[in-house]
Amino acid sequence: MKNETQEPLGPDGLPSHDYFLDAVNHIDEAVANNTIAPGAAKGIIFSLVETLGAMVGDPDLPNHLKSGYMGALDLAVELEAKLSK
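Residues numbered from 1 in each chain as written. Predicted model: local features only at pLDDT ≥ 70, side-chain atom pairs only at ≥ 80, totals over all residues. Heavy atoms only, no water.

Notes on the overall build of the protein chain
In terms of helices and strands, the protein chain carries three helices and zero strands. Sequence-ordered secondary structure for the protein chain, helices as α and strands as β, is α-α-α. Principal-axis analysis of the C-alpha atoms gives the protein chain an extent of 35 × 30 × 15 Å. Across the 85 residues of the protein chain, 26% fall into the buried class. Residue pairs in contact within the protein chain that sit at least 24 positions apart in sequence constitute 61% of those at least 6 positions apart. Positive and negative charge centroids in the protein chain, built from 5 and 13 side chains respectively, lie 8 Å apart. (Helix = DSSP H or I, 4+ residues; strand = E, 2+ residues; numbered from the N terminus. Buried < 20%, exposed > 50% of the residue type's maximum accessible area, 1.4 Å probe, protein only. Contact = heavy atoms within 4.5 Å. Lys, Arg positive; Asp, Glu negative; His and termini not counted. Charge placed at Lys NZ, Arg CZ, Asp CG, Glu CD.)

Structure representation (structure tokens):
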């Protein structure tokens, strides 16, 4: 079911940083509830970190989007470190 508060893509064709935050939080909750294999969680978070890192590194990305993506990237990096322990 689609969350009515989020648009699929913004006017610039990019997803909202909320989607990435939701993904990181969902994986964190799944790990806490033991509903995802730790290796799968690590793989998904690694992929999110790589994707967000590439997006943040894009010099053509507007600053208002970059700051949102940086917040999601920071959260994903924290979860990645937590999963590596």
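Let us keep going from here.
Comments concerning helix α2 (residues 38-56)
Because an α-helix completes one turn every 3.6 residues, residues spaced three or four positions apart along the sequence face the same direction. The end-to-end C-alpha separation of α2 is 26 Å, in line with the 27 Å expected for 19 residues at 1.5 Å each. Among the residues of α2, Ala41, Ile45, Leu48, Val49, Leu52, Met55 and Val56 are the ones counted as buried. For α2, the angular spread of the buried residues around the axis is 130°, confining them to a single face. Counted as exposed and oriented over 90 degrees from the buried face of α2: Gly39 and Ala54. Tucked into the core, α2 has its buried residues touching α1 (17-32) and α3 (63-84). (Expected span 1.5 Å × (residues − 1). Arc of directions from axis to C-beta.)

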